[in-house]
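One letter stands for each residue in the lines below.
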Amino acid sequence: MKDVFAVARTQLVCSLRERITLFWFLAFPLLLLCLLGLIFANVGKPQSLSFDVTVVDLDRGADGARFGAGALHALQELAGSGETGEKPLFRLREPAPGVDIERYVAEELDALRVGKRDAVVVIPAGFTAALVAAAAEAGREAAPATRIEVHTSGGRTSSGMALGIIEQIVARVDREILSQLGLYRLDQSVAVGRIDVGAADKTVAYIDFLVPGILLMGFFVAGLFSVPGTLLFGRETRVLRRYWVTPLDVPRFLGGFALGHLALCAVQFACVVALARLAFSAQVNFLQPLAWLYLVLGVVTFLAIGFLVTSLARTANAGMAIANIVNMPMMFLGGLFFPIGSVPPGLRVVLLANPVSYLADGLRASLGVSAPVFGHAASIAVPCAWIVGCVVVASFRLRWDVGK
Amino acid sequence: MDQGAVMRVKDLVKHYGAVRAVDGVSFDVPRAEVFTLLGPNGAGKTTTLEILEGIRDADSGEIEVFGERVRRVDRATKERIGVLLQEGNFEPYLRVKEVLALFASFFRTARSPDEMLRAVALEEKAGALVKTLSGGQKQRLAIGVALINDPELVFLDEPTTGLDPQARHNIWSIVSQLTASGKTVILTTHYMEEAEALSQAVCIMDHGKVIAHGTPRELTSRLGQDTIIEFFVPEEVEFPSTLTAHCALARGDAGLVSTHTADLAATLAHLLDWSRASGISLAQMAVRQPNLEDVFLSLTGRRLRT
């Protein structure tokens, strides 16, 4: 194994000593992190007072003054202010007529967990009637139907703020309805059941979304450019040929090369995460086995793509040209810097075929910084398929020496 | 066949498309000698060597190395050979000592990098990056790498091409020490003076074939006991039949004229008489014994370096 480790050390040391490599593999990801981190520093932080709230009104009784209708009206008033050009306080969602309510509520609660909603309000069936009955019989314990369920998400600040505002609205509507019926008393108010659905998504600042993307970008650039760079230039300048006249064979060389590459990616990881934490107070926590799986899978996938590019090129310059052509669509249509959902439909084909998309999605989902779009099975299977495909093509096409 | 041969090659053939780069080459390499493949560029020397080094596969032919017949040079054989490639580089961002340590790691047993630094006189450059070395220093490093495993058989492919005279003599000195320590060297060169200075056995190749082999003395003695006279005259000068009847004058490049003679005094007298009579001086006249270049010229009608 000493030969494998020696090749790995050579690969790492040479990469860290060469200025161009050092720039693209370390300085560039760090610069991009700083640039995007500074530009979008406030995205995802709770100072933008606008809340995504879902209201499920099951209170469809015949009463003239239904509580649910009143609450909805009050929320709609707040949501409507957006028409004047200001940002609305609430963005409301309601179930469309005829949908399966149970399923709808479950989906909305999932969306709440991953940060796509700030609160889900459920007004139970018969709520108004129960409210009036409870008000008429002062002192009686409130029936379950008089409890409005407000679902919020863990320690997410925006969710907590939404809850506070909703409680005030509920109290106001309660007062209005009971006053109309002459039943309003100061000492009685509608019970609000606060339900914490947990948080798949804590307060997700853009920096926490960005860090996994920058890491994968660094791995991608390293794999895409360092493999053709090392192997094609090594082949052209006969650096590799010197190895082939010794007992070192191709599999052992590859083992060392991959190990050195992994070490280089580990250096990238340490630098990016340290900068993100120290300079931008990133909170994303990588101490999760699934996240490590995605990181290693990313390194291996991008190495395999690098071998594919190497095998397609006759010369080092051609290899670099192919890498540059591949780089742009795969990196910028891989959801590394923005959510996948924002990609225009016409470009989604690229996104769906791109292993970067799956790795970014899976890594972020495993870190809890965004909701999974593809699911873990697809996020692992698609990069694995790329690895197999690239290795098969490269093993047939790649030449390890000039003229062979 | 020589029973003491370290390597025996028989009917080696290698094609590149329609080109027969190596065309039935056979030779034996004696132990503890410098065996030289001599020939012009494109003669097939390097291709032959690359097959013997394990870089390329032959189309046909037999190779026996260290007493064992092999289809191709395998890992076990590579443990016992050292190779200096004609064209080969090192990672430019490695330091000299790191290069030696890297290659030492490829072998089961190897000499220490410090020992090799001393052997190739690169101790002062131990911490220098490869990219900062001069051509001669890089070549000494390459020899250090070729010898890192203390090989029994060393391949040196054009080891002094492109080097200045001092660097060339440094390399010659290292090669001479190798045979003195019992190692066998297979050398390729297109410098006849290098082959003459270093070799105990020479194999002359042209167009993929071996056209002559033997010791340098055996090869030059094929030209008889003649002495060679060379001089320069203007290219437009015509020699009279009275002169050419006494000496066969062959024209070379840039006005060079040469003649082989068994009777040096008589031939010189004829030439000097003609020079005085015609008023044409015999510039840079030299009298020398035949060398390997003359052998190649006599066999092919061409010079080695054309």
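Preceding this paragraph is the structure being described.
Residues numbered from 1 in each chain as written. Chains lettered and ligands numbered in written order. Predicted model: local features only at pLDDT ≥ 70, side-chain atom pairs only at ≥ 80, totals over all residues. Heavy atoms only, no water.

## Some thoughts on the sheet that holds strand β13 (residues 256-261) of chain B
Residues and elements named next belong to chain B.
Then, in step 1: Taken in spatial order, the four strands make up an open sheet running β12-β13-β11-β14, and their pairing is antiparallel. Every other strand in the sheet has two partners, leaving β12 (250-251) and β14 (283-288) as the edge strands with one partner each.
Then, in step 2: Pairing between strand β11 (residues 227-232) and β14: four bridges, direction antiparallel. Residue pairing across strands places F232 opposite A283, the latter belonging to β14.
Then, in step 3: Taken strand by strand, helix α10 (residues 264-278) contacts β11, β13 and β14, and its axis lies near 20° from that of β11. (Pairing = 2+ DSSP bridges. Helix = DSSP H or I, 4+ residues; strand = E, 2+ residues; numbered from the N terminus. Contact = heavy atoms within 4.5 Å. Axes fitted to C-alpha atoms, helices over the stretch in contact; angles between N-to-C directions.)

## Quick look at the packing of helix α10 (residues 289-312) of chain A against helix α11 (residues 316-332) of chain A
Residue and element names in this part refer to chain A.
Then, in step 1: Where α10 contacts α11, the two axes come as close as 8 Å, and the packing angle between them is 140°. Between α10 and α11, the crossing angle belongs to the class labelled oblique. Helix-helix and strand crossings are classified by hand; for α10 and α11 the assignment is right-handed. Contacts between α10 and α11 involve I305, V309 and L312 from the first element and G319, I322, A323 and M330 from the second.
Then, in step 2: Of the residues that constitute the contact of α10 with α11, the class distribution is six nonpolar, one polar and no charged. (Parallel < 35°, antiparallel > 145°, perpendicular 65-115°, else oblique. Left-handed = near helix turned anticlockwise from the far one by under 90°. Nonpolar A, V, L, I, M, F, W, Y, C, P; charged D, E, K, R; others polar.)

## Let's talk about unusual backbone geometry
Residues and elements named next belong to chain B.
Then, in step 1: The backbone phi angle of E158 is positive, close to 50°, even though this residue is not glycine.
Then, in step 2: Its relative accessible area of 4% is what places E158 among the buried residues.
Then, in step 3: Its identity is not glycine, yet Q284 carries a phi of approximately 50°, on the positive side. (Buried < 20%, exposed > 50% of the residue type's maximum accessible area, 1.4 Å probe, protein only.)

## Some words on the interface of chain B and chain A
Then, in step 1: Contacts between the two partners involve 29 residues from chain B and, on the opposite side, 27 residues from chain A.
Then, in step 2: By the criterion of area lost to chain A, the three top residues of chain B are B:I55, B:Y93 and B:F106, representing 23% of everything that side buries.
Then, in step 3: Across the contact surface, chain B and chain A share three salt bridges.
Then, in step 4: The salt bridge partner of A:R9 is B:E98, with a shortest N-O separation of 3.3 Å.
Then, in step 5: Inspection of the chain B/chain A interface yields nine residue pairs in polar contact (both at pLDDT 80 or more).
Then, in step 6: When residues of the side of chain B that touches chain A are traced back to their parent elements, those giving at least two are α1 (45-53), α2 (75-78), β6 (81-84) and α3 (96-104) of chain B. (Buried area = accessible area lost by both parts, 1.4 Å probe. Salt bridge = Lys/Arg side-chain N within 4 Å of Asp/Glu carboxyl O. Polar contact = N/O pair within 3.5 Å; in protein donor to acceptor, adjacent residues only side chain to side chain.)

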